[in-house]
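Geometric and topological summary
Here are the chains, one letter per residue:
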Amino acid sequence: MKRATTAAAAVKNKLIKKKNTKTETSGESVTPNTKQLSREFYRKPCEELSKALLGKVLVRQLPHGEIIKGTIVETEAYPGTNVDEASASYNGKVTDKNRAMFMDPGTAYVYMTYGMYHCFNISSEGEGAACLLRAIEPLEEYETMQKFRQKSRKKSSAAASKKFPFHELTNGPSKLCMAFDVRRENCDKMDLCTSSEMWLEDSDDSRFNRKENLEIVAAKRIGIDRAPVKARDKLFRFYIKDNMFVSTVKPSEIVRAAQSGSGDESNE
């Protein structure tokens, strides 16, 4: 594990060197209109949008003006009402909890799982359809992400002040929510097309903004063991091949990613 942490640090240093000049965060508000993805981007069938989200940048502006950024590297599709029995909206079930799934494409749907962790989805075209964000590659404000993640630990815990390994900051749906301070009470039903608190942008990184560099893998979704077999077998999870921040990547794969310069199923 020590070797994997060292490898992750090497990748982090490369990301920092590639990063453009950082946005000033001394309380100044940033107007996202020039880069913020429009409604048209989200008007896609759920599977298509889940793939299109890969390589896009999630931007979160905190109340005091600080900006957190990360590139989406893993998603899952939940096509909704009459298509997918694993979807919370299957059979047209509308509740206060899942109402955002039935709102305009580009709406944030945030829900709690196990009564303590949040998951962040984005609505797509199709009744009750949404895409789950499963993993993100951090771009800016790593220390802020660390602080948000550490808040989740019990203060009495021996690890309360210990930093999370860089590659574990946002490599899971609940982890990324904690790192970006995405909660049901502050982000559910947020319109990502007009919000100044959270939105999506195109990436400036050639690894993500050129189709020839973006190899997408399709796999079975995770954590839906109670769903019927037919739903469990669908290849509705999508991720960028060999990206070290994908939720299922093993330490040995992180070492390999560091050595190559930058994780089951079927390539697209």
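Residues numbered from 1 in each chain as written. Predicted model: local features only at pLDDT ≥ 70, side-chain atom pairs only at ≥ 80, totals over all residues. Heavy atoms only, no water.

This part covers the packing of aromatic side chains. Within the structure shown, the criterion is met by four aromatic pairs. Plain terms: the ring middles of Phe166 and Phe245 are 5.5 Å apart, the flat faces sit at 90° to each other, and that makes the pair edge-to-face. One end of the pair, Phe166, is in the loop between helix H4 (142-151) and helix H5 (173-179); the other, Phe245, is in the loop between strand E8 (237-240) and helix H9 (251-260), with 79 residues separating them in the sequence. Note on Phe166: relative accessible area 9%, which makes it buried. Of the residues examined, Phe245 reaches a relative accessible area of 0% and is grouped as buried. An aromatic cluster is built from Tyr142, Phe166 and Phe245, whose rings are joined through pairwise contacts. Geometry around Phe164 places Arg149 over its ring, the cationic atom sitting 3.9 Å from the centre. Sitting over the face of the ring of Tyr78, Arg221 holds its NZ or CZ atom 4.7 Å from the ring centroid. (Phe/Tyr/Trp six-rings, centres within 6.5 Å; stacked < 30°, edge-to-face > 60°. Helix = DSSP H or I, 4+ residues; strand = E, 2+ residues; numbered from the N terminus. Buried < 20%, exposed > 50% of the residue type's maximum accessible area, 1.4 Å probe, protein only. Lys NZ or Arg CZ within 6 Å of the ring centre and 35° of its normal.)

Most of strand E5 (residues 130-140) sits inside the fold, with ten of its eleven residues counted as buried. Here nine bridges tie strand E2 (residues 67-78) to E5, and the two strands are oriented antiparallel to one another. By the bridge assignment, Glu76 is partnered in E5 with Leu132. Connecting strand E4 (residues 117-123) to the antiparallel partner E5 that follows it, the hairpin turn spans six residues, and Gly126 within it adopts a positive phi of roughly 105°. (Pairing = 2+ DSSP bridges.)

Glancing now at the pattern of salt bridges. A full pass over the atoms with the stated rule returns 19 salt bridges. Across the pair Lys69 and Glu201 runs a salt bridge whose closest N-O atoms are separated by 3.9 Å. Taken together, the residues Lys69 in strand E2 and Glu201 in strand E6 (residues 198-201) connect sequence positions 132 residues apart. Given a relative accessible area of 14%, Lys69 falls into the buried group. (Salt bridge = Lys/Arg side-chain N within 4 Å of Asp/Glu carboxyl O.)

In this section: the pairing of E4. Extensive coverage of E4 is indicated by the burial of six of its seven residues. In the sheet, strand E3 (residues 108-113) pairs with E4 via six bridges, with the strands oriented antiparallel. Bridging from a neighbouring strand, Thr113 pairs with Tyr117 of E4. Remark: three residues form the turn of the hairpin made by E3 and E4, two consecutive strands paired antiparallel; Tyr114 in that turn has positive phi of roughly 60°. Bridge analysis of E4 against E5 gives three bridges, and the strand direction is antiparallel. When the bridges of E5 are listed, Ile122 appears paired with Cys131.

All right, on to H4 then. For H4, the tally of buried residues reaches seven of ten residues, placing the bulk of the element in the interior. Of all the positions in H4, only Tyr142, Thr144, Met145, Gln146, Phe148, Arg149 and Gln150 are classed as buried.

With that out of the way, let us pick up unusual backbone geometry. With a phi close to 60°, Tyr114 is a non-glycine residue in the positive phi region. Along the polypeptide, Tyr114 turns up in the loop between E3 and E4.

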